[in-house]
Structures are given as structure tokens and as C-alpha cells.
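# Understanding the architecture of this molecule
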Amino acid sequence: MPSMANFNYVDGVNPNLLCCICRMPFNDPFTTQTCGHTFCRDCILQSLDHVYQCPIDRQALTADDLKPADSIIRSLVDELVVECTNQTCSHICQRQLLEQHLQSSCPYVEVPCPSRGCDQIMLRGEAVNHRCEYSLVTCDACDTEVEAAQLEDHRIQCYQQLTTCDLCGLQFQRSAKSSHQNSCPESPMQCPQQVNGCSWKGKRVALHSEHISSCPYQALSGFFSIFHERTQVLQDENTVLKRRVESLQTQIRTIEIQLQSASLALGPWFRNSNLGLSSPETSISDTLRSPDLPSHQRPRLQTVSSPRSVPEGDAFAAYFPPQEEIQSYERQQLSAMERPAPDRHLEHPVRSIHRNSWSLGQGWDALHTPASRTSKQVASAVAPLDFSCTLEGTLEGLRESIVALSTSMETLGRRNDIALTNETLRLNEELMSLKANIHGLRMQMHAMMMDNAQLTGRTDPLLFENSFPTVSTHRYHYMSNTQSATKL
Amino acid sequence: MEQLTTSLTPRPATNKAPVAGSSQQSSGSVAKRLGNELMTLMMSASPGISAFPKNDGNLFEWVGTIEGAPGTVYAGLSFKIAISFPPNYPYVPPAIKFETPCFHPNVDINSGGICLDILQDKWSAVYSVQTILLSLQSLLGEPNNASPLNTDAAAIWNNQEAFKIHLLRHYRPLKDESA
């Protein structure tokens with residue numbers, strides 16, 4: 001303890017426990033018998049080396065006047081909590097326990113190699129794993145501990161010595177110890193049929209002479225081997241099947257997720273396909289939904305079954321977009337399913353749009369039923385609303401029917417135009433012939449007037465005009481019109 | 001003068017029995033005690049006295065300051081003190097002298113040496129820098145004219161007016177040196 005003067009105290013210390021000389025808590029305190037002052041033993045002895053006085057009151061003092069301080073003072077300072085004097089060690093303890101810590105447990109204390117003869121110095125924490133040529137190792141033949149460096153020499157000697165088996169009393173060289181252990185007739189053995197349930201235990205010699213011949217399990221050993229083989233095969237098969245089931249389950253799970261996303265996107269369309277179970281179209285949807293069907297087979301099935309529902313194969317094929325589109329659509333839906341929370345809000349307006357288009361389609365269909373009766377061409381162009389189709393297919397069909405409608409409207413307009421032109425031409429011709437007739441009549445009339453004037457002696461046409469006021473206004477009006485028409 | 005020089009040189013540690021323990025071991029404990037004293041000085045604000053190590057690396061050379069106590073001729077004057085600790089401190093006293101010229105019966109005006117019993121034979125290991133500086137502060141006001149180092153000062157001590165004139169004639173302001 002006196003060698004370790006530099007303690008680091010964890011807590012503050014009562015000033016009454018401080019030595020006046022070193023200003024630290026008393027370390028091995030001694031009290032003067034003459035004046036009753038207390039100092040560290042080292043401090044007061046060193047002070048007495050300089051002057052034979054008490055440092056506090058200068059009373060005469062010698063080393064003989066010192067006696068160890070009262071035990072209560074010693075206890076007070078010994079129980080102060082200090083840090084370990086090794087900087088790297090974080091251990092704290094009472095001061096009186098620190099010495100023990102350093103001597104026995106502090107891992108940062110330098111100690112010599114625990115093996116005798118090795119003069120290396122190392123930290124205690126490292127010494128546990130230290131191996132040197134002086135480390136003791138156990139000889140496998142004679143079980144004595146020898147230094148690692150001498151093990152080879154020891155073995156050469158050791159192996160040649162004779163040893164006696166504890167069980168059978170046989171003498172042999174130590175090098176043969178391990179081989180003897182496997183053949184000693186006295187060594188305890190268990191029946192080789194132990195795995196099958198035989199509980200016999202006995203000496204090796206008894207095993208072959210007595211037990212094997214009478215062991216009921218040994219008699220069945222042929223059966224056991226076959227049984228084991230079969231079990232093994234079955235287990236292997238079972239593991240393979242388990243794996244397959246697992247992969248199928250994961251497949252089903254992904255398909256279910258896809259289906260859910262698809263149903264979410266489809267909205268009312270999906271429900272309708274469920275309702276129409278009896279209709280021929282459901283076979284398509286059923287095959288579509290069956291999970292064990294590989295995805296690449298779907299489009300083929302759709303095209304195969306398409307002539308059943310609609311006469312025009314091309315029009316129905318339009319309901320099913322190419323496979324790339326389906327897959328990209330599924331991928332979108334999958335990615336949408338992976339983050340479902342924000343997607344829910346997006347889903348509702350989409351669904352409402354679908355509903356709108358659906359009701360619009362219904363209205364459209366109702367509007368055009370008479371048209372389809374009258375004109376067969378238009379009726380075939382309108383897409384039938386079939387809920388077994390995909391939403392995209394139906395939209396595509398609707399778009400196509402709109403296109404067809406616009407085409408037919410265009411042809412109708414053209415036909416109207418042609419009819420109008422024809423009629424106009426015909427009317428023009430008729431008008432021209434009427435004009436010619438009128439002109440002829442006018443000429444005849446004129447000739448008749450001239451004849452009449454010659455008969456009455458009046459040559460002035462103006463007089464002639466005035467002489468027929470009642471009739472001429474009407475005629476004149478008519479003639480002037482015709483004239484203006486001919487002039488034009 | 002001879003008495004002064006002998007008093008200034010620290011007494012050899014081996015004048016009695018050799019000190020127990022190696023010097024290396026003791027220097028660690030001395031540094032620890034000096035650090036402890038420095039802490040105490042800084043924590044307790046004693047009026048008119050202060051001391052610090054000259055530079056950070058060396059705890060054994062300190063510079064202290066004493067202000068003259070009010071009511072004495074030294075009132076308002078500051079004196080710089082050099083303190084040098086021996087390796088076997090606190091069993092032997094530190095070497096102390098005035099850096100600022102001090103006209104005082106017990107102080108050598110040229111070398112700054114001090115004639116004070118506690119710095120010599122009356123030294124005790126329980127004394128500290130704080131007690132030394134306080135003793136010096138009181139020594140300024142109450143000189144021991146019985147054993148003067150500066151006989152001129154001792155002679156005119158009773159005439160305080162003349163003493164002050166002499167004092168101020170020798171006094172150099174602290175600033176130049178402490179800068």
C-alpha cells in the first residue's frame with residue numbers, strides 16, 4: 001500500500017482526513033503521541049529526516065513518538081473510493097481493496113509469463129491466451145503435463161514405454177494406446193443395434209460372444225437396413241415436395257396479390273365477371289384466375305375462345321391488349337400494391353371514372369339500338385358491353401365503335417352530298433327547259449301582238465301596253481322577271 | 001550578506017539521513033502537492049496575494065504577487081515574488097526572493113533575498129505557498145528590525161515619512177516586469 005501514493009479519489013474527501021504535508025487523504029496514518037497530530041507515515045518520517053519537530057506545532061518529535069493512528073481514522077480513509085492506478089483500467093473500489101485488485105485481477109498489470117522458465121512480461125489480460133515454448137501441454141499417451149518445447153522428445157521416450165490397460169491388464173507400448181482402446185475386450189460397449197432400440201450394455205468380448213447371437217434387433221438387421229433406406233428415400237422425397245409446396249404457395253401468394261390489385265383497378269367489372277358464372281365467357285375468366293396457369297398461356301386461351309362469344313375475331317381481340325401490355329399493366333398494379341396506403345386515395349377517382357364510362361356505354365348502347373336494327377353495318381361496329389372482358393378491352397371496343405360510327409357518318413354525309421348535287425343538276429335542267437318554253441311562248445305572244453296591232457292600226461307598242469292595264473301588270477311583271485332571269 | 005546567501009540556498013536534503021524513496025517517486029508526489037496548492041490558491045480568494053507557475057510545463061517555478069496591506073507604507077504597492085520549489089518540497093522550504101526592488105529592513109534591496117525565519121530554520125512541512133505569501137504580506141507592515149538585512153531601512157523605519165520617500169525611490173512599478 002505505501003508504494004501506491006498517487007490515488008485518484010472518486011468523491012470529495014472530508015478535509016479532516018487530509019494530511020497536512022501531502023494534502024491528500026491519510027495514507028497509512030500515524031499519530032504523534034506527544035501532540036496528537038496525524039500524518040501519513042511516509043510524510044512524517046520524511047519530515048523527521050529534516051527536523052525532529054512536529055510540522056504543525058514544532059514540538060520535539062522522534063520516530064519513537066509515532067504510533068499508528070486510531071482504527072477509526074484508518075477505516076475512514078481506507079474506505080474512500082479510488083480509481084485503479086492503471087490509467088487504462090476503469091475499475092473503482094475502496095482504497096483498501098485496490099491492492100488486491102492490482103495483485104490478482106487488474107488486467108492491465110504487467111505480470112511474468114505464468115509458465116516457469118519463460119521470462120516474458122505481459123499484461124495480465126493477455127497472459128491467459130499466451131502460448132510459449134514453456135507452456136504446459138498434456139501428452140496424449142501418458143496424460144502428464146510437459147512443456148511444449150519438450151513434447152516431441154517426451155513422446156519419443158513415452159511411446160516406447162510399456163503401459164498396462166486398466167481394464168484387461170494387457171501390456172503394450174504407449175504408442176498403441178489409442179488402437180488398443182478400440183480393441184480392448186474389456187472396454188464397455190453398447191449394442192450396434194442401439195439406434196434401433198436395443199438397450200444392451202456390456203463388455204466388448206461379451207458383445208460378440210453372447211449378445212449378437214441373441215439380440216432380437218440383430219436378427220432384424222436386414223429389415224432395418226431396408227426400412228432405413230426406404231425411410232431415407234421418403235424423407236428425401238418429402239423435402240423435395242415440401243420445397244415444391246413452398247414455392248407454389250409463394251406463387252399463389254403473388255398471384256393473389258396480383259388478383260387483388262387487378263380487382264381493385266377493375267372495380268365493377270371484376271364483380272360482374274364473378275356474377276356471370278353460367279355464361280360461356282366465365283370459362284375465360286375462370287381460366288384467367290386459376291393460379292396454377294402460367295402467365296404466358298393466357299393470351300393463347302383468350303384468342304382460342306374468342307370466336308365463341310363474338311363473330312368478329314378481330315373485334316374481340318381488340319379487347320385483349322398484347323401480352324406486353326398486360327404484363328406492364330400487372331407490373332404497375334404490383335408496384336401500386338406494394339405501397340397501398342397512398343394508393344387507396346388514388347384508387348377511388350379512378351374507379352368512379354370507370355363507373356362513368358360504364359354508364360355512358362349503357363346509354364350509348366340504348367341510344368343506338370334502333371340504328372342497329374335499321375343498319376346492320378353500324379350495329380356490328382358498336383362494341384357489345386361484355387363484363388367478362390377486361391376494362392381495357394372494353395374501352396378499346398368502345399373507341400373502335402366510335403371510329404366506325406364516325407366513318408359511317410362520313411359516308412352518309414358524302415352520299416347526301418352526291419344526292420344533293422344530282423338533284424340540283426336535275427332541277428337546273430328542268431328550269432332551263434321551262435325558261436326555253438317561256439321564251440317560246442313570249443315570242444308567240446309577241447307575234448300575236450304584232451299581228452293584232454297591224455289589224456287595229458296602232459303600231460306603238462307602248463300604247464298597246466297601256467291598252468291592257470289589268471292583264472299587263474301581271475304579265476309584264478312575269479315577263480320582266482323572265483327577262484331578268486334570262487339576262488342573269 | 002553571507003547570512004543571506006546561506007539562507008537562500010536550500011539546505012541539502014542529505015544533511016541528516018538520506019530521504020526515503022527515490023527522487024523520481026517523490027517528484028510525482030511533489031507535483032501532486034503543488035497542483036493541490038495551486039488549486040487551493042485559486043479557489044480561496046485571499047486579498048492581495050496570488051501565485052501561478054511561470055509556465056505551464058514547470059510546476060516548480062512560480063511567480064507570486066503581494067500587495068501592500070492597507071494602513072502600511074506599502075499600501076497601494078505591488079511586489080513580484082519568485083518562488084522556486086526544491087525537489088524535496090515540502091520538507092525543505094522553497095527559495096523565495098523579491099523580483100521587484102523592495103526597500104524593507106528584512107529584504108535585500110539588490111538581490112531580493114528575504115530574512116524570514118519560517119523560510120529558514122522555522123520552516124515546517126505543513127506550510128504552503130499561501131501561508132508564505134500571507135507571512136510576507138504581514139512582514140511588510142511589521143518588519144523584524146532585530147535582524148535586519150537592510151540596515152538603512154531598519155534605521156529609518158521609525159520615521160515613516162522618510163521611509164516612504166526611500167521606498168518610492170527604489171520602487172519600480174510592477175507592470176514592466178510582469179509584462
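These numbers were taken from a predicted model, which means no experiment stands behind them.

Each helix and strand in chain A was counted, giving 20 helices and 13 strands. Expressed as a percentage of the 488 residues in chain A, the buried residues total 26%. Of the contacts made within chain A by residues no fewer than 6 positions apart, 36% connect residues no fewer than 24 positions apart.

What follows covers the sheet that holds strand E4 (residues 95-98) of chain B. Residues and elements named next belong to chain B. Ordered in space as E1-E2-E3-E4, the four strands form an open sheet in which the pairing is antiparallel. Two strands bound the open sheet, and with one partner strand each, they are strand E1 (49-55) and E4. Averaged over all neighbouring strand pairs, the angle between strand axes comes to 25°, with direction disregarded. The sheet contact formed by E1 and strand E2 (residues 58-67) spans six bridges and is antiparallel. Following the sheet pairing, Pro 53 is matched in E2 by Trp 62. Strands in contact with helix H3 (residues 129-141) are E1, E2, strand E3 (78-84) and E4; relative to E1, the strand with the most contacts, it is inclined by about 125°.

Residue and element names in this part refer to chain A. Taken residue by residue, helix H2 (residues 71-78) has Ile 73, Val 77 and Asp 78 as its buried positions. With its buried residues spanning 125° around the axis, H2 presents them on a single face. In H2, the exposed residues that point more than 90 degrees away from the buried face are Ser 71 and Ile 72. Contacts made by the buried residues of H2 are with strand E1 (29-32), strand E2 (38-40), strand E5 (92-94) and helix H3 (95-105).

This paragraph deals with the sheet that holds E2 of chain A. Residue and element names in this part refer to chain A. Pairing in this open sheet of three strands is antiparallel, and the strands run E2-E1-E3 from one edge to the other. On the outer flanks of this sheet lie E2 and strand E3 (66-68), each paired with one strand and no other. Averaged over all pairs of adjacent strands, the angle between strand axes in this sheet comes to 40°, irrespective of strand direction. Bridge count for E1 against E2 is three bridges, and the pairing is antiparallel. Within the sheet, the bridge partner assigned to Pro 29 lies in E2 and is Cys 40. Contacting E1, E2 and E3, helix H1 (residues 41-50) crosses the sheet at an angle of about 95° to E2. Contacting E1, E2 and E3, H2 crosses the sheet at an angle of about 150° to E1.

Residue and element names in this part refer to chain B. Among the seven residues of E3, six are classified as buried, and the element is accordingly described as predominantly covered. Two strands pair when backbone bridges link them, and E2 and E3 are joined in this way by seven bridges, in the antiparallel orientation. Within E3, the position partnered with Ile 66 by the bridge is Phe 79. Pairing geometry for E3 and E4, over four bridges, is antiparallel.

This part is about the packing of aromatic side chains. All names here are of chain B. The full count for this structure, using the stated rule, is 14 aromatic pairs over all chains. On the numbers, 5.4 Å between centres and 75° between planes, the contact of Phe 79 with Tyr 171 is edge-to-face. Taken together, the residues span a long stretch of sequence, with Phe 79 in strand E3 and Tyr 171 in the loop between helix H5 (160-170) and helix H6 (174-178) at a distance of 92 residues. With respect to burial, Phe 79 and Tyr 171 carry one shared label: buried. Taken together, the aromatic side chains of Tyr 74, Phe 79, Phe 98, Phe 103, Trp 157, Phe 163 and Tyr 171 make up a single cluster linked through ring pairs.

All names here are of chain B. UniProt's feature table lists "active site" (unreviewed entry) at Cys 115, given in the numbering used throughout. The residue Cys 115 is located in the loop between E4 and H3 in this model. The residues contacting Cys 115, other than those within four sequence positions of it, are Asn 106, Gln 120, Ser 147 and Leu 149.

Our next topic: unusual backbone geometry. In this structure, Pro 90 of chain B follows Tyr 89 of chain B across a cis peptide bond, with omega equal to 0°. For Pro 90 of chain B, the location among the structural elements is in the loop between E3 and E4. Phi at Asp 28 of chain A is positive, roughly 55°, even though this residue is not glycine. Considering the arrangement of structural elements, one finds Asp 28 of chain A in the segment before E1. On the basis of relative accessible area, Asp 28 of chain A is assigned to the partly exposed category, the value being 22%.

Here we take up the pattern of salt bridges. Residues and elements named next belong to chain A. Using the criterion set out here, one finds eight salt bridges over all chains in the structure. Between Asp 42 and Arg 41 there is a salt bridge whose closest N-O contact spans 3.5 Å. With relative accessibility at 32%, the residue Arg 41 sits in the partly exposed group. Note that Glu 430 is salt-bridged to Arg 426, the shortest N-O span being 3.0 Å. Of this pair, Glu 430 and Arg 426 both sit in helix H18 (residues 391-456), four residues apart, roughly one helical turn. The class for Glu 430 is partly exposed, based on a relative accessible area of 42%. Three or more residues joined by partner-sharing salt bridges are found here, namely Glu 423, Arg 426 and Glu 430.

Here is what the cut-offs are and how they apply
Residues numbered from 1 in each chain as written. Chains lettered and ligands numbered in written order. Predicted model: local features only at pLDDT ≥ 70, side-chain atom pairs only at ≥ 80, totals over all residues. Heavy atoms only, no water. Helix = DSSP H or I, 4+ residues; strand = E, 2+ residues; numbered from the N terminus. Buried < 20%, exposed > 50% of the residue type's maximum accessible area, 1.4 Å probe, protein only. Contact = heavy atoms within 4.5 Å. Pairing = 2+ DSSP bridges. Axes fitted to C-alpha atoms, helices over the stretch in contact; angles between N-to-C directions. Arc of directions from axis to C-beta. Phe/Tyr/Trp six-rings, centres within 6.5 Å; stacked < 30°, edge-to-face > 60°. UniProt positions renumbered as here; feature names shortened; annotations may be inferred. Salt bridge = Lys/Arg side-chain N within 4 Å of Asp/Glu carboxyl O.

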